Amino acid sequence: MPKLRMRGPVVALVAMIILSAGLMAQTGEGSGNVYGRSVDEQGGGLPGATATLTGVTTSPLNTTTDERGSFRFLNLSPGRYSVTVALPGFTRVTQENVVVELGRNTEFTVMLKLSAVQEAVTVSSETPLLDSRKTETGSTFTNTELQQIPTSRDVWNVMQQVPGVLMDRVNVAGNQSASQSDFVGKGSYQSTYVYDGVNVTDNGANGFSSMYFDFDAFEQLQVATGGSDLTLNTGGVAINMVTKRGTNDVKGSARFFYAPNQWQSSNTPAEVKALGSDFTSDRTRFIREEGLEVGGPIIRDRAWLWGAASRQDINLTATGQTNVDGNPLHDDSTLENWNAKLNFQLTESNAVTLLYNRNDKLVDGRSAGAERPQETTFRQRGPGTILKADDSHVFSPSLIMEAFFAYIDEPYSLIPLGGIDNQTYFDENGIPHNSYRYTTITRPQHQVNLQGSKFFTTGKIGHELKFGFGYRHTVSDSFSAWPGDQVFGSASSGVAAITRPANTKFKMNYYDAFMGDTLTVDRLTANVGLRYDYQQGANLASSVGANPSFPELLPAVSYAGDKGYPITYRNFEPRVGLTYVLGEQRKTILRGSYSRFVDQLRNTIYQVNAFPRIGGLYYDWNDANGDKIVQPSEVDLTSFEGLYNRFDPRLAPLPPSAIGPNYKAPTTDEIIVGADHELFPGFAVSAAYTYRYITNLERSPYIGATINDYVFGSQINGTVTAANGQVINFSEPYYKLNLADQPTGNLYTNQPGAFQRYHGVELQLVKRLSDKWMLRGTFGYNDWRQYLSASSIYNPNNLLGGTNQNGGLAVPSDSSNPFFDSKWQFNVTGLYQFPWGINFGANLFGRQGYSDPFYFRVRTRTSAGDATPATRFNVQIGNVDDVRLDNVYQLDLRLEKSVAIGPANIILSIACFNATNRNTVLSRDSRAGDVDERTNTFVAYDLFNTPLTVQSPRIFQFGGRISF
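Residues numbered from 1 in each chain as written. Predicted model: local features only at pLDDT ≥ 70, side-chain atom pairs only at ≥ 80, totals over all residues. Heavy atoms only, no water.

**Some words on the nonpolar core**
Membership of the largest hydrophobic core comes to 30 residues, with the highest contact counts inside it found for Phe213 and Leu221. When residues of this core are assigned to their parent elements, the largest contribution, four residues, is made by helix α3 (residues 155-159). Contact partners of Phe213, with chain neighbours within four places excluded, come to Val155, Trp156, Tyr193, Tyr195, Val200, Phe218, Met241 and Asn337. Residues Ala51, Phe71, Leu76 and Val110 belong to the second largest nonpolar core, which totals 20 residues. (Core = buried A, V, L, I, M, F, W, Y, C linked by side-chain atoms within 4.5 Å. Buried < 20%, exposed > 50% of the residue type's maximum accessible area, 1.4 Å probe, protein only. Helix = DSSP H or I, 4+ residues; strand = E, 2+ residues; numbered from the N terminus. Contact = heavy atoms within 4.5 Å.)

**Notes on the pattern of salt bridges**
Between side chains of opposite charge, pairing is possible as soon as their charged atoms come close. Evaluated as defined, the whole model comprises 41 salt bridges. One salt bridge connects Lys134 with Glu136, and the closest N-O pair in it is separated by 3.7 Å. Accessibility classification places Lys134 together with Glu136 in one group, the buried group. Two residues, Asp930 and Arg927, come together in a salt bridge whose shortest N-O distance is 2.7 Å. Arg927 carries the same exposure label as Asp930, and that label is buried. Overlapping salt bridges, with partners in common, bring together Arg153, Asp214, Asp216, Arg255, Glu289 and Arg961 in one network. (Salt bridge = Lys/Arg side-chain N within 4 Å of Asp/Glu carboxyl O.)

**Notes on the environment of Ser963**
Mapped onto the elements of the fold, Ser963 is located in strand β61 (residues 955-963). Measuring from C-alpha to C-alpha, the distance between Ser963 and Leu679 comes to 34 Å, with 284 residues separating the pair along the chain.

**So, the environment of Phe479**
Checked against the element boundaries, Phe479 lands in strand β31 (residues 461-481). Classification of Phe479 by relative accessible area gives partly exposed; the value is 26%. As a C-alpha pair, Phe479 and Leu895 span 416 residues in sequence and 48 Å in three-dimensional space.

**Quick notes on a nonpolar patch on the surface**
Judged by side-chain polarity, Phe256, Trp263, Tyr832, Phe834, Phe840, Leu895, Leu908, Ile910, Phe956 and Phe958 come together as a nonpolar surface patch covering roughly 850 Å² of accessible area. Contributions of two or more residues to the nonpolar patch are made by β51 (824-834), β56 (904-913) and β61. Relative to the helices and strands, Leu895 is located in strand β55 (residues 888-901). For Leu895, a relative accessible area of 40% corresponds to the partly exposed category. (Patch = residues over 30% accessible without salt bridge, like charges linked within 9 Å, V, L, I, M, F, W, Y side chains within 5 Å. Areas by Shrake-Rupley, 256 points an atom, 1.4 Å probe, with all protein chains shown as cover.)

**Quick notes on the packing of aromatic side chains**
Under the defined criterion, the tally for this structure stands at 41 aromatic pairs. Arranged with centres 6.4 Å apart and planes meeting at 10 degrees, the rings of Trp824 and Phe826 form a pair that is stacked. What makes Trp824 partly exposed here is its relative accessible area of 24%. When its relative accessible area of 22% is taken as the criterion, Phe826 is described as partly exposed. (Phe/Tyr/Trp six-rings, centres within 6.5 Å; stacked < 30°, edge-to-face > 60°.)

**Looking at the sheet that holds strand β9 (residues 137-142)**
Strand-to-strand pairing in sheets goes through backbone hydrogen bonds, with the strands running parallel or antiparallel. Strand order in the open sheet formed by five strands is β9-β16-β17-β12-β13, with mixed pairing between adjacent strands. Single-partner strands in this sheet number two, and they are β9 and β13 (198-199). (Pairing = 2+ DSSP bridges.)

**Describing the sheet that holds strand β41 (residues 635-644)**
Pairing is mixed in the open sheet, where six strands are placed in the order β28-β27-β32-β33-β40-β41. If you trace the sheet from one side to the other, it starts and ends with β28 (432-433) and β41, each paired once. With four bridges connecting them, strand β32 (residues 487-490) and strand β33 (residues 495-500) associate as antiparallel partners. Opposite Ser490, over in β33, you have Val495 as the bridge partner.

**Here we look at the pairing of strand β50 (residues 773-787)**
For strand β49 (residues 755-770) and β50, the ladder comprises 14 bridges, and the chain directions are antiparallel. Across the sheet, the residue bridging to Gln764 is Thr778, located in β50. Connecting β49 to the next strand, β50, in antiparallel fashion are two residues, including Asp771 with a positive phi near 55 degrees. Bridge analysis of β50 against β51 gives nine bridges, and the strand direction is antiparallel. What sits directly across from Phe779, in β51, is Phe826.

**Focus: the confidence of the model for the protein chain**
If pLDDT is low for a region, its predicted coordinates should not be looked at in detail. Here the protein chain averages 89 in pLDDT, and 93% of its residues register 70 or above. Mean pLDDT per element in the protein chain: helix α1 (residues 9-20) is the minimum at 37, and strand β52 (residues 838-847) is the maximum at 98. In the predicted structure, residues 1-28 sits below a pLDDT of 50 and forms 77 contacts with residues beyond four places in sequence or in another chain. Note on residues 862-869: pLDDT is under 50 here. Beyond four places in sequence and across chains, it has 20 contacts. (pLDDT = per-residue confidence, 0-100.)

**Thoughts on unusual backbone geometry**
Of the consecutive residues Gly382 and Pro383, the connecting peptide bond is found in the cis state with omega at -10 degrees. Structurally, the position occupied by Pro383 is in the loop between β23 (378-381) and β24 (384-396). Cis geometry marks the peptide bond from Ala652 to Pro653; its omega dihedral reads 15 degrees. A positive phi angle, close to 50 degrees, is found at Asp196, a residue other than glycine. According to the relative accessible area criterion, Asp196 is buried, its value standing at 0%. You will see that Asn696, though not glycine, has its phi angle at about 55 degrees, which is positive. Checked against the element boundaries, Asn696 lands in the loop between β44 (683-695) and β45 (698-699). A relative accessible area of 23% places Asn696 in the partly exposed class.

What follows is the structure in structure tokens.
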């Protein structure tokens, strides 16, 4: 295995041991719970019985049943356990196969019979799959599913199997796993990533994960999409990942997977072939993964250690990506991960866990494309680190406390392959050469979390009082600049851009507190609670240097930062959940919940920084010597042509944008009703309906501009033809600002009177692995629309994405095209274990094609000149979903053969991804044309309808694994 770099894991572990001193409470590494009840033959509760839990992931744990005969074991690592219940004068009963899953509550009843001699009785049947305490929607995936169901081996591809979650891409064999997928969950673009209890969400990057993951490190993975759980901080998708840990048995594995180009088919659509030999479908040059993990006891029943290391290489050539010199462009990525986890059972009532992770993403050729020659692509480097120490303490059978401290450091840089000394230039076709802008970023985080549970009874009602507090602090420090002397020229427009760097520093604080009670009365369970979120964002002091060649135009500037916090969210969020168990066999559960969520603060605060982006000024440029490089003497400083990046850097240190008064977090009110039914042990079906009402929608109009400042420009008429032959005749007006000075900043505020509605139905069928087979089938229906008042429309244009369409589909801004807005989706996975160690797995996915609305681009000019547009916006033609791309389907298959040799098990596998070799066009250039306000004529765009991405061809992957 290639050498992996790491930084002092031993030192890191020692530091965490020191940090954990004095901390109280939490296994927080990701866990499930066991709730049981001991009863006599008449069903009456038996207080005072001793319950003992045993398993390979923990030392024996003991507790005593309360006055209702109830007992519980909380915060258990996923796995199988046994519980023995004993009471003098009764039989001694052991319940085996107590299955604990991440984020779930395992519930069962143990019946003890009167006996003069304490006989031992063993019950070997699995505990029920249903969970009467849970009102959340989503899915939990076991290690068996993660390893034996063919997927692209990343968390985003697993999320695709959850109803209500729509992804922005189609991943074949992992060829998209080196970049994070964007996604929507039940109409929300919020996301939360939790890794062994640590929130690794990078809100400085709009809610993406701050790291990439070692897929083989996961013991289980849970995806939650809604419900009344008080720990859910948003109405979006929460991804909860728990890694493996050491046990009393030494266990480990080593693996190797390889998918070479030679094992790849061809599926280039005819319309792509017609574009020429330099325009091809996505191609995988090779995907290779290797790794190992091992864990075991340091002191049996007392201390355990587990560690893992992995490397994944993903080397691609993508659609249309042929360099201007005829050589194919390469996007070569490597993902590295180191993990270490140390568990201590200090006493029977106290446990400590220490976690270390080091991860890195190394890319050569990021952003490669037909319009980005190799020297302008990025070299990305990290690495990142996670340190965590947590402690769990059982003060009594009725009081349990948890706490942890975590530190995350995830720096990275994007440096062009052409270096930071070569000046960039753009040729006549607008293609950059020599180099490109570069960026360096650091975003350290600190987290503290405290939670607890208190159990008591009042009459026949059982109570579990839950309470918690969390704090997360993150600082983002980002620097971006154009290379060389920070000047570049454009041969197509004859202008030069004189720029100054962006040096953006800001901080965000997240506080949360919650308290709730779970009340149980026979068949009824009620979860009632209140959550409070307090979020803050502020810019920090920073400075930028002068432009080296034109310091008189753009001198050095210092910015003092914000006084106080311009963005502050304060929100109370009630949560209520009810479940009721039907039937004598208790195999049917009715569920209902009401929840309020607020969006988590993302990086909006940087928009009101003095240096939000690279700032610059355009001037006429005459390339006198023809070298395509801008020299100061070639720039006409008397011919100002506009602003680069649409804000005036000469105003600094005054921020160009501002936060509006009473700026609030978007709020989601959610109602879920549903039912679960266990057809037979380990096989359950569920159905749920979700309604969401989202208010405090955000908007960012130009500062000083109202809808009354827009004047009619022209009515644009034309005809466009979709790729499927659909002809659309359109007549769309456009409006332009009638202001003496073009605005250069935005006001970030809420849309008055605007809201969104979401309706969703989800169906799931889940069978645990038993009798040599397992199955998971899901179906989701989604529909969410926006509703606007007259006061909420600040721009009369039909902007791309239907921003101003009342009752239109609610989709993201024009940064996403096409829009991931399928009305329906399904996913079916299955595994069958044949004799002779042969296993067969399959994964079938399908969804409606995404909307791909056409648009034309309008350019309005400055009063100073015509060369450079002062504003540019996209006017949508018709409705968002007038045109949809083709429906998407993908079938993945996997066959493996295992051979036992002594204590080792050798597994050889072959997987086939996109087995039917479908070649669906996933996105197209939907820019139908351009309109210039000088002529008000529609000019068709040559690349209109050109395929941008195509479903990658069928490819085979060989795999080998040794486990022991």
